[in-house]
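Architecture and fold: a report
Below are the chains, spelled out letter by letter.
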Amino acid sequence: MQSPTGKIWTMTRLALLFGLWLAAAGLFAQSEADTLPIFDYTQPRDFEIGGVEVVGAQFADPNALISITGFKVGDKIRIPGGDIPRAVKALYKLRLFTDVRIVVARTIGDVAFLEIQVSERPRLSRHSFRGVKKALHEDLNEEVNKFLVKGGIVTEAMKANAANAIKKYFREKGYLDVQVKVEEIPDTVRINAVRLVFDVDRGEKVKIQDITFSGNAHLSDRKLRKLMKNTRRKANILSASKFIEKEYEEDKKAIIQHYNTLGFRDARIVKDSIWREADGDLMIHLDIEEGRRYYFGNIVWKGNSVYDDETLSRVLGIEKGQVFDTELLETRLRFSQDGRDVSTLYMDNGYLFFNVDPVETAITGDTIHLEMRIFEGPQATIDRVVIKGNDRTHEHVVRRELRTRPGHKFSRTDIIRSQREIINLGYFNPENLNINTPVNPNRGTVDIEYTVEERPSDQLELSAGWAGRYRGVIGTLGVSFNNFSLRNIFNRETWSPLPQGDGQRLSLRAQTNGRFFQSYNASFTEPWLGGKKPTAFTVAGFYTRLTTGFDKESIYYGQFGLGGLTISLGTRLNWPDDNFVSTTAINLQNISLDNWTRGLFRTDDNQIVSEGKYNNFSITQTFARSTINNPLFPQDGSKIALTIQLTPPYSLFSDKSYEDLPVEERYKWLEYHKWKIEADWYTTLTGKLVLRAQAKIGMIGAYNRELGVSPFERFQIGGDGLNNQQFAYYTGTDIIALRGYEVSDLPNNRIGSTTVATPIYNKYTVELRYPLSLNPNSTIYVLAFAQGGNGWRSFRDYNPFELKRSVGIGMRVFLPMFGLLGFDYGIGFDKAGERTLDNLGKFSIILGFEPE
């Protein structure tokens, strides 16, 4: 039991502790009262601002924040009142802070000191992706970097925009169920910084199960589906099935536009439905209202004084009773690719300000009557022709190709032709060629501005080819300077690496594998000899030497030598039109054979030509017409060429009996007449898909039947064409490529085990080409081909339909520095032997140029 004294002591201690607690509580209450004054909202008071301080701002400028609040020292402020809430709202609108408070730090009488307390939003240090392959990160970065700024403030809107960009990227690839979560992780390295992690779940690709239609009486479901170029059902094996809303809307417009071309100008899509099936695939249904089909009625011309009604109607080419086609009407009035339109008729005569407005004057049943209201305006004359962007090519090189000249009447056709000629130079990027026509209506003149972009045009050929076990590797080194300048050869400032800018061409090429084969050639071309007319002057020389590889003392030693010089002159013709070019060449060659028993060169009576020296003097005449729009990847136009090569008919002026002469004496001076015809045609089928059709025929004949056809200058069809190996082995003969076949696969090319050349051949080719890149720095396209060709040993055996057929695929890559590279894989249907893929198929490499 506790004593009375102990009880008193215990009570005393408790009282002491209670007193200390009261004192501490009083001090704390006093401190809080001094720091944050308490105001009665029922009795607001006016204070003078004694100072403003910002707390928590690490990146934002405190003075700028104070300025935004509108608080100034010495101003009056009512507390409580509306000033502080308005200031808080103004700071929140900056979207820089997650929390904003404005408190009265202390008061001294009627003076209040304000404190702005802010919590800043975090800054972005970096971002990353989760759930997608690394190969896609670069593409996704391009999408999200439109909204993310490194070091910028991270907001909910920023995260949402970046996530939506990722969703859009995948939805355009058919992943409609893609989900993106954004994870915000504090960065431990930087102050108030975070990194964003985009967690992507793209899901399965959503395909279109079917597209159905109703209300379509005049067009089948199949035709309507075909019109939807971008929205395909998964049954289509030629293109991917995916749903992209923007492209879907464009496809719906394409359907209506096609109906309009058929006379159904009131056609519309009443409604469309899209839903998901149980397996997740999409179903699309379009309800179409075709409406009535309309026809052209009377067409009346008003306002025309330059051309009469008959001329305009003939150009328009639309007859009464024809199905009403708004697209055809616009094409024949405004612009047609073939130049058959009313606008071109006027604009080619200088009427730049011409306009025609078709007005419907009456609709009688299903017939629409039109009135063509024409404004002819004055004729416009070309004032200035300006060329921009030609940093390397001298201006006269471009200007001489133009059909538009100062003082001439404005002509749309001349502009289009000038554009084509600039592209065909090969010095400029065709994708970035711009033409502007600023008009001065007061003077009735127009300027023509051509803006070009230079591209590399020189080529370097560095390659190696395997020529077989005995010949080994053949190396090739060649350079072509396609924009050379001979007059600046002593001006070092123009060298890059050689003088350039005058449009001349200098080519040097060497091939060798050492002891077996050597070949050298060089050529120079001036496309505008004299500088006034497009007359091309070319000088070319070459030398080729082949041996069997044995020492000269050996009985197996053999040598073939060929040297030559060519001088040619080509000029553009004005008749039948200025797309024609005439080229005349003088050729002098010397052929030397020393025990060359390969058997390629044979006479008509099958004698092998293996010894002797032979002279080949000939004149070559070529007539060619080209309307190709782009030399690297033609999409439209044609090229037709007729080449005649003639030697003097020496035997007709001699009384020799050639049957009794040895081969070396009989053909000492070669005589023959050689004919070659080549036709190429290009057209765009749809989009970028291009169709190419080609036909070739070549034949060589004799003036004197007793002498027979020359053993040289014949044709050999088959193989890769003029590649390294075949050039080494078949010099002296025209080599014609036939994809899918070796030379020895064609029976007419063989006599026993020896390959021979034939005096006649023909070849047909059809190609489908699709570009992967039209960038002039790397033009790439893929192709599929069908080809047929053959050679015949005599004209009696010639049958143009007896062809060796092949099909296959290929690819071409054009690099300015290296020229053309590519491959073909062909399957020859008419090969002898086993019908296996290994036997029928053949892989070919293309280096430097397209084989003939």
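Before reading further, recall that the structure is shown in the block above.
Description of the structure in this document. Here, residues in each chain are numbered from 1, in the same order as that chain's written sequence. Reporting of local features is limited, given that this is a predicted model, to residues whose pLDDT is at least 70; pairs of side-chain atoms are given and counted only at 80 or more, and all residues count toward the totals for whole chains, interfaces and linings. To obtain the side-chain values, all non-hydrogen atoms of the structure were used and water was disregarded.

1. Notes on unusual backbone geometry
- Of note, the bond from isoleucine 79 into proline 80 is cis; its omega dihedral lies within 30 degrees of zero at -15°.
- Between tryptophan 575 and proline 576 the backbone carries a cis peptide bond, its omega angle lying at 0°.
- Counting from the N terminus, the helices are the DSSP runs of H or I reaching at least four residues and the strands are the DSSP runs of E reaching at least two. For proline 576, the location among the structural elements is in the loop between strand E23 (559–572) and strand E24 (580–594).
- For asparagine 606, which is not glycine, the phi torsion reads 75° and is therefore positive.

2. With respect to the pattern of salt bridges
- Put simply, a salt bridge is a Lys or Arg side-chain nitrogen that is within 4 Å of an Asp or Glu carboxyl oxygen. Enumeration according to the criterion identifies 46 salt bridges in this entry.
- One salt bridge connects lysine 146 with glutamate 143, and the closest N-O pair in it is separated by 3.5 Å.
- Owing to a relative accessible area of 58%, lysine 146 belongs among the exposed residues under this scheme.
- Classification of glutamate 143 by relative accessible area gives partly exposed; the value is 21%.
- The partner of arginine 692 in a salt bridge is aspartate 680, with the nearest N and O atoms 2.9 Å apart. Residue arginine 692 is found in strand E28 (residues 689–701), and its partner aspartate 680 is found in strand E27 (residues 673–686); the two are separated by 12 residues along the sequence.
- A simple rule labels every residue: compare its accessible area, found with a 1.4 Å probe on the protein chains alone, to the largest value its type can have, and call it buried under 20%, exposed over 50%, or partly exposed in between. Residue aspartate 680 is classed as buried on the basis of its relative accessible area of 6%.
- The structure contains a network of salt bridges with shared partners spanning Glu401, Arg403, Arg417, Arg420, Glu421, Arg572 and Asp578.

3. Considering the environment of asparagine 606
- Along the polypeptide, asparagine 606 turns up in the loop between E24 and strand E25 (612–626).
- Assessed through its relative accessible area of 38%, asparagine 606 is described here as partly exposed.
- Considered as a pair, asparagine 606 and lysine 831 are 225 residues apart in the sequence and their alpha carbons are 25 Å apart.

4. Focus on the nonpolar core
- The nonpolar core is taken to be a set of buried Ala, Val, Leu, Ile, Met, Phe, Trp, Tyr and Cys residues, with the residues joined through side-chain atoms within 4.5 Å. The biggest cluster of nonpolar side chains holds 30 residues, and the ones touching the most others in it are Phe560, Ile591, Leu593, Phe601, Tyr614 and Phe712.
- For this core, the elements supplying multiple residues, two or more each, are E23, E24 and strand E29 (715–717).
- Contact definition: two residues touch when any of their heavy atoms are within 4.5 Å. Each residue touching tyrosine 614, except ones within four places of it in the same chain, is listed here: Gln589, Asn590, Ile591, Leu593, Val609, Val663, Glu664, Tyr667, Lys668, Leu670 and Phe712.

5. A word on helix H2 (residues 62–69)
- Among the residues making up H2, those that are buried are Leu65, Ile66 and Thr69. Down the axis of H2, the buried side of the element spans an arc of 100°, and every buried residue falls inside it. Seen from the buried face of H2, the exposed residues on the opposite side, beyond 90 degrees, are Asn63 and Ser67.
- Residues of H2 that are buried make contact with strand E1 (45–55), helix H3 (83–92), strand E3 (97–108) and strand E4 (111–120).
- As used in this structure description, the phrase polar contact means that two N or O atoms lie within 3.5 Å; if the pair is within protein, one of them must be able to donate a hydrogen and the other to accept it, and residues adjacent in sequence are counted only when both atoms belong to side chains. A distance of 3.2 Å separates the backbone nitrogen of asparagine 63 from a side-chain oxygen at the start of H2, and that oxygen is part of aspartate 61.
- Downstream of H2 by a residue or two, glycine 70 has a phi angle that is positive, lying close to 85°. Arc definition: directions from the helix axis to the C-beta atoms.

6. Comments concerning the packing of aromatic side chains
- In summary, the pairing rule links any two rings of Phe, Tyr or Trp, Trp by its six-membered ring, whose centres are within 6.5 Å, and it sorts them by plane angle into stacked for under 30 degrees, edge-to-face for over 60 and tilted for everything else. Within this structure, the stated rule accounts for 21 aromatic pairs.
- Aromatic side chains tyrosine 346 and phenylalanine 354 sit 4.3 Å apart centroid to centroid with 10° between the ring planes, which places their arrangement in the stacked category. Judged on exposure class, the residue tyrosine 346 and its partner phenylalanine 354 are both buried.
- Seen in terms of ring centroids, tyrosine 427 and phenylalanine 428 are 6.3 Å apart; in terms of plane orientation they differ by 75°. Their pairing is edge-to-face. The residues tyrosine 427 and phenylalanine 428 share a single accessibility class, namely buried.
- Three or more aromatic residues joined by ring pairs make a cluster, and in this case those are Phe560, Trp596, Phe601, Tyr614 and Phe712.
- Across from the ring centre of tyrosine 294, 5.3 Å away, lies the NZ or CZ of arginine 265, which sits over that ring.
- Charge over a ring is defined by NZ of Lys or CZ of Arg lying within 6 Å of the ring centre and within 35 degrees of the ring normal. The cationic tip of arginine 492 hangs over the ring face of tryptophan 495; the distance from NZ or CZ to the ring centre is 4.4 Å.

7. Some thoughts on the pairing of strand E9 (residues 268–276)
- With eight bridges connecting them, E9 and strand E10 (residues 282–289) associate as antiparallel partners. Paired with serine 273 across the strands is histidine 285, a residue of E10.
- Pairing between strands is defined by DSSP: at least two bridges between the two strands are required. Counted between consecutive antiparallel strands, the loop separating E9 from E10 contains five residues, among which glycine 280 sits at a positive phi close to 95°.

8. Some points on the side chain of glutamate 371
- For glutamate 371, the position within the fold is in strand E13 (residues 367–375).
- Side chain to side chain, glutamate 371 and arginine 373 meet in a polar contact 2.7 Å long.
- Residues within four places of glutamate 371 in sequence aside, it is in contact with Val300, Lys302, Asp357, Pro358, Val359 and Thr361.

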